[in-house]
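Reading the structure
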Amino acid sequence: MSIFQTIIKTGKRQFYKNLLKSSHVSCKCFNARKSSDVSRKFISFDEVVAQRRTEARQSIVVQVNSEASFNELYGYCSKYATIKGIYHYKNSSQEHFMLIEFDSEDNMKEVLRSCSAHHKDLDVMALKSPFLWFRAAIGRKETFSPPTATLLSLNSSSLVDEDVMLQDMVKCSTVSEQMQLLYDRTFLNDFGTRLRYIVARQLECVLQSLYANIAVRPFGSSVNGFGRMGCDLDLVLTNVVTEDMLDASRRLVYQDKKCEGGRSPWQRHMESVGELLELRVPGATRLQRILHARVPILKFSHEYTDLECDLCYNNMSGVYMSELLWQFGALDPRVRPLTFAVRRWAKTVGLTNPHPGRWITNFSLTLMVLFFLQQKSAEGCVLPPLKDLVKRAGKEDVRITDESLNCTFLRDLNKLPVECYSQKKASLESLLLQFFEFYSQFEFQDKAISINEGTAVRKPNGLPLYIVNPLEQALNVSRNVSFEECERLKLEVRNAAWQLEGFEGQKEDDWGLISLIEKKSTRGLKKLLRVGNSHRLISVKDLFDDTEEVMSENNLRSKLQRLTPKSDSQVDKSVKEMKNMLSNVKDRKENKMKLKNSQVASQVHRIQREKIV
C-alpha cells in the first residue's frame, strides 16, 4: 500500500484539508483576535502553526558584520521589497545575524532573485536557502536614505542572566510574582519560535526538489508552549496531502519510485536525507544517524542558530502530543508558569538530567502538573480531564496516525463550556504549595497518574512510577525512572512543601521561590557565612585551614572577630550556629543510612547535609 493510500485510509485526509484551509488565515486576523473576544476566545493550534509557517516563508536570515550593518542592510533590501521587521542576534561564535521579515512571500522571493550564488573562484555548488550573508560593497559605497524603522530587538537569542533574575525575584512582593517573573524571563519567546520555523523552512527548501508533497514541522517544546529559551528543536518530516492530490478528475498521476529490500523504505530515505544535510544544508554540522530505532532519527547542530536538532520521519503522534499540551497550557494562564516553576525546581534538586537515563523527564513533570490541576476541589478544577475533550470531539477533530493511533480530541477550545475549566481561583503561590503537598501524599506504590481520567488509576505493573501516555495509554512515559529516583522524588516534594510552609513573610535573599530554584550549595554557603544581619560573606578558607581538623571555639571566635566588624553577641551567636552545624554533620556522618545503592546513598547524604543549613 502506498503512503498516499495509507494517509487516506487512516483518516488524515480531513486533517490535511483543515490544515490547508488554516494556512490561508491572515496574520492580521491572528493578531487582532484577543482573549476578550468571547465568541473566539481561543486560537486553534493549527492557526498558530499556519501563522508561524507563513512568517517563515516570508523571512530570511542574513549574516552581517555587526549590528551596525542594520542601516545599510535595510537600505539595500528595501530596493527589492517592503520590510516588515528586522531582528538581530548572535550565535555562540559571536557572529552577527539579522532576521528579516518581508510583507509577503513574493517580496522574499524577489530578494532571493537578486542574490549572488557564490564566489566564482570557490568550488561551491550554489543552493537557494533562506540563510544568506551580506558581503562588503566593492568600490564606492552606495548611499541609502535613513531607515524608516528600527531594529525590533538586539541580541534576541541571548539567555537570561540568572543573577539578575534572582535579584529581581528578591524585590517581588509575593511568590506568585516570582513564579510569573521566572516564566516571563525564561520561556521561548517570539524570536526563538521564528528562528525554529526558519530552520524547518530551510530543510523544506532543500527537500522539495526531491519530494513533491513534503513538509518539515517543529514539534515538542518548540511549539507546545512549555519550551525554554535555548531548548532543542524537534522536527518531523511528513507527507502533505494537497487539494490537487485529492482531485479525482486529474487523470495524469506522477510515477513513484518503489523501494525494495528488507529495510524500511523510510529508513533508507532518512539515509539520503542525512547525506543532504551533510552536503547541501548550510549551517548543519555534527550529524549523527540513529536509523535502527523504532523511529529513525537524524541528530545535527545548526551553527547559524545555535540549535541542536532532531529530525524524524512521520512521527505525527509527537505533533498531536504537542498540540494537546499547547491546548492545556492555553486553557488557563497559570498552567505554564506553574509548570516552569516545578521543572526549574526539579532541575535544581537534581531530579532531572540533560542526559537520558533513570531520571524523571520534563515531559513527565509536565504531565504531573496537568494531572494535579485536574483534581477537583469545592471550587472546581483548573483543567478538565482529556476524556472530556475526547467526548466533545467532532468529525473535523478526527486524527489517526499511520500506526493506527487514535489522536482524536476537541481542537476548538471555544466549544468547551466555561464551567469545565478555570473554576478554581487559587493563586500561583497556593497552587505550587498544593502541588508539593498533593504528591507528598500520593500513593505512588499503587496508583498511576492519568490525565485522560483526571483521577488516579490502579497501576498495571510494579514499576516505581507510572504516568500514562495520554495518546498511547498502554505505555508508561516514566518507565525509565528507577526505584531510587522515585524515592528521591517523594523526598524532594516533601522537602519543598516544608520549605514553602516555613516561609512566613520573612523576605531574605532566598525567600519564596528562590529557596527552591537557587542551588542549595550556594544558598547553604550564604546562610553559613552570613554574620548577624550583615550581607558580607566570609571565605571558607579564612575560617578553616587545611591543617586544622577541628576548629576550637575560641579560635573560631577570634577569626570571626577579625573578619567581621560585629558586636560580641553577634559573633557568639554565629559561633554557636557554626558549632551546631558541624556537630550535626559529624553525627549524621556517624549514623549513615545503610543503602544498597552507593550512588543513591551519596545523594541522600547530600540532601541531609544541605538540610542542615
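Everything quoted here is computed from the prediction, not taken from an experiment. (Residues numbered from 1 in each chain as written. Predicted model: local features only at pLDDT ≥ 70, side-chain atom pairs only at ≥ 80, totals over all residues. Heavy atoms only, no water.)

**Points about the environment of Gly274**
Locating Gly274 in the fold gives a position in helix α10 (residues 265–280). Considering only alpha carbons, one finds Gly274 and Ile297, 23 residues apart in sequence, at a separation of 9.5 Å. Setting aside anything within four residues of it in sequence, one finds Gly274 in contact with Leu287, Arg289 and Leu298. (Helix = DSSP H or I, 4+ residues; strand = E, 2+ residues; numbered from the N terminus. Contact = heavy atoms within 4.5 Å.)

**Some remarks on the packing of aromatic side chains**
Pairs of aromatic rings are described using the distance from one ring centre to the other and the angle between the two planes. Scanning all chains against the criterion turns up 24 aromatic pairs. Plain terms: the ring middles of Tyr183 and Phe187 are 5.1 Å apart, the flat faces sit at 20° to each other, and that makes the pair stacked. Since its relative accessible area comes to 29%, Phe187 is described here as partly exposed. With a centroid separation of 5.8 Å and 85° between ring planes, the pair formed by Phe372 and Phe435 is classed as edge-to-face. (Phe/Tyr/Trp six-rings, centres within 6.5 Å; stacked < 30°, edge-to-face > 60°. Buried < 20%, exposed > 50% of the residue type's maximum accessible area, 1.4 Å probe, protein only.)

**Observations regarding the pairing of strand β8 (residues 297–302)**
Of the pairings in the sheet, the one linking strand β7 (residues 284–290) to β8 comprises five bridges and is antiparallel in character. Residue Ile290 lies in a different strand from β8, and its bridge partner there is Ile297. Between the antiparallel neighbours β7 and β8 lie six residues. Note: β8 against strand β9 (residues 307–313), six bridges, orientation antiparallel. Paired with Lys299 across the strands is Asp310, a residue of β9. Between β8 and β9, which pair antiparallel in sequence order, lie four residues; one of them, Asp306, sits at a positive phi of approximately 60°. (Pairing = 2+ DSSP bridges.)

**Focus: the packing of helix α4 (residues 45–57) against helix α11 (residues 316–331)**
The geometry of α4 relative to α11 is characterised by a closest axis approach of 10 Å and an angle of 110° between their N-to-C directions. Taken together, the axes of α4 and α11 lie roughly perpendicular to each other. Across the interface between the two elements, Phe45, Asp46 and Val48 from α4 touch Val319, Ser322, Glu323 and Trp326 from α11. Taken together, the residues of the contact of α4 with α11 sort by class into four nonpolar, one polar and two charged. (Axes fitted to C-alpha atoms, helices over the stretch in contact; angles between N-to-C directions. Parallel < 35°, antiparallel > 145°, perpendicular 65-115°, else oblique. Nonpolar A, V, L, I, M, F, W, Y, C, P; charged D, E, K, R; others polar.)

**A closer look at the sheet that holds strand β5 (residues 214–219)**
Taken together, the five strands give an open sheet; going across it, the order is β5-β6-β9-β8-β7, and neighbouring strands pair in mixed fashion. Strands with a single pairing partner mark the edges of an open sheet, and in this sheet they are β5 and β7. Ignoring strand direction, the axes of neighbouring strands in this sheet form an average angle of 25°. Docked against the sheet, helix α9 (residues 190–207) engages β5, β6 (233–239), β8 and β9, running at close to 160° with respect to β5.

**Here's the deal with the UniProt feature "domain: PAP-associated" (unreviewed entry) in the protein**
As recorded in UniProt, the sites labelled "domain: PAP-associated" (unreviewed entry) are residues 428–459. Overall, residues 428–459 shows 41% helix and 12% strand. The separation of its end C-alpha atoms is 30 Å. (UniProt positions renumbered as here; feature names shortened; annotations may be inferred.)

**Observations concerning the environment of Pro282**
Secondary-structure assignment places Pro282 in the loop between α10 and β7. Taking the C-alpha atoms as reference points, Pro282 and Phe131, separated by 151 residues in sequence, lie 7.5 Å from one another. The contact partners of Pro282, leaving out residues within four places of it in the chain, are Leu127, Ser129, Gln202, His302 and Tyr304.

**Remarks on helix α6 (residues 105–113)**
Among the residues of α6, Asn107, Met108 and Val111 are the ones counted as buried. All buried residues of α6 lie within an arc of 100° about the axis, which places them on one face of the element. Exposed positions of α6 whose direction lies more than 90 degrees from the buried face are Asp106 and Arg113. Those residues of α6 that are buried lie in contact with α4, β1 (59–64) and β3 (96–102). (Arc of directions from axis to C-beta.)

**Focus: unusual backbone geometry**
Unlike most non-glycine residues, Arg286 shows phi in positive territory, near 50°. Phi angles above zero are rare outside glycine, and Ser404 is one such case at about 60°. Relative to the helices and strands, Ser404 is located in the loop between α14 (386–391) and α15 (428–440). On the basis of relative accessible area, Ser404 is assigned to the exposed category, the value being 59%.

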